[in-house]
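For reference, the chains in residue letters:
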Amino acid sequence: MTIRLGVVMDPIGSIHYKKDSTLAMLLEAEKREWELYYFEQQNLFLEDGVPYGDACPLLVAHNPDQWFKFQDSLRIPLAELDVMLMRKDPPVNEEYIYTTYLLEQAERLGVLVVNKPQSLRDCNEKLFATLFPECMPPTLVTQSIEKLHAFKNKFGDIICKPLNSMGGAMVFRVKNDEVNANAIFDVLTRGGHQYMMAQQFIPEIKNGDKRIIMVNGEPLNHALARIPQGNDWRGNLAVGAKGVAQPLTERDRFICKQVGPVLRERGLYFVGLDVIGDYLTEINVTSPTCIRELDAATGSNISAQLMDLIEKLLHKK
């Protein structure tokens, strides 16, 4: 039986052909002769309690000039699909949350949704990591500018970031003598009315912010260390960091062992852990990346591992 796979993502025409992880997944699914259906968030709707989508049947190709082709659009009940990939990038705003509710309706009708909609809502990528304090650096989540100053004074060098961003956006390093500290805290907390996260700065960032891919709670053997370049201390590919594949360390595997069972329990089938030095800093559940870079460096096929898992889960259903 042909598997019918739907994907909710950002506009496919604007993705980075060589780096996009969702495209890698779709290419692997098409290789297996699965039927592909493309959606953006606005294409999903609910009528009389039934979830539908205005779908574009999709063909993808290994072609940097034309990596996708739409067929004629059609309206389908989401229950006619076997699996839905939720691959919309953050921010996890109100529209994202509403989309997970629609996908949850499809899930109730028997569709496998990867990752599980409830867990996408419950597991904020910054806050989720705080369930594992033994793995994290000293961390503060607060709206209080006063508490942020005390945290800065205690550790002398901290990282401050919003709770719903990605790719290094709005991430600040604040040292004890930072004259703009008050302004940074004011912006990130919106004048003391919005939660943000502060963490002790980890000097090992110079060796890279490691992305560890977890498939059904199990890590791959290599992480992608995103090494800051030039004068930018941030380890994000989106701001120019260099990706280098590295074998997992003993500490990496310890962190994965703590986090993995919780991922399986919550239906978080494809996840990216961010580890700097010996510390877990974030758990990426929305649209983890780095598939293409790791595949190119190690000869792996991460998308195939995910599709194998999806086939196994569908067989169980």
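Above this text sits the structure in question.
Predicted model, so just to flag it, every value in this text is computed and none were measured.

Caption draft 1: Structural context of the sheet that holds strand 9 (residues 139-142). Strands sit in the order 9-12-10-11 across an open sheet of four strands; the sheet is antiparallel. At either margin of the open sheet sits one strand with a lone partner, and together these are strand 9 and strand 11 (172-175). Put simply, the sheet's adjacent strands are angled 25° from each other on average, direction ignored. For strand 10 (residues 157-162) and strand 11, the ladder comprises four bridges, and the chain directions are antiparallel. The partner of Cys160 across the bridge, within strand 11, is Phe172.

Caption draft 2: Quick look at unusual backbone geometry. In this structure, the amide linkage connecting Pro90 to the following residue, Pro91, adopts the cis form with an omega of 15°. Along the chain, the position of Pro91 falls in the loop between strand 7 (83-86) and helix 2 (94-108). Looking along the chain, the bond that leaves Val114 and enters Asn115 is cis, with omega of 0°. When you line up the elements, Asn115 lands in the loop between strand 8 (112-114) and helix 3 (117-122). Phi is positive for Asp48, close to 55°, though the residue is something other than glycine. Given the relative accessible area of 77%, Asp48 is considered exposed. Although it is not a glycine, Asn216 sits at a positive phi angle of roughly 55°. Counting through the fold element by element, Asn216 comes out in the loop between strand 13 (209-215) and strand 14 (218-219).

About the criteria used
- Residues numbered from 1 in each chain as written.
- Predicted model: local features only at pLDDT ≥ 70, side-chain atom pairs only at ≥ 80, totals over all residues.
- Heavy atoms only, no water.
- Pairing = 2+ DSSP bridges.
- Helix = DSSP H or I, 4+ residues; strand = E, 2+ residues; numbered from the N terminus.
- Axes fitted to C-alpha atoms, helices over the stretch in contact; angles between N-to-C directions.
- Buried < 20%, exposed > 50% of the residue type's maximum accessible area, 1.4 Å probe, protein only.

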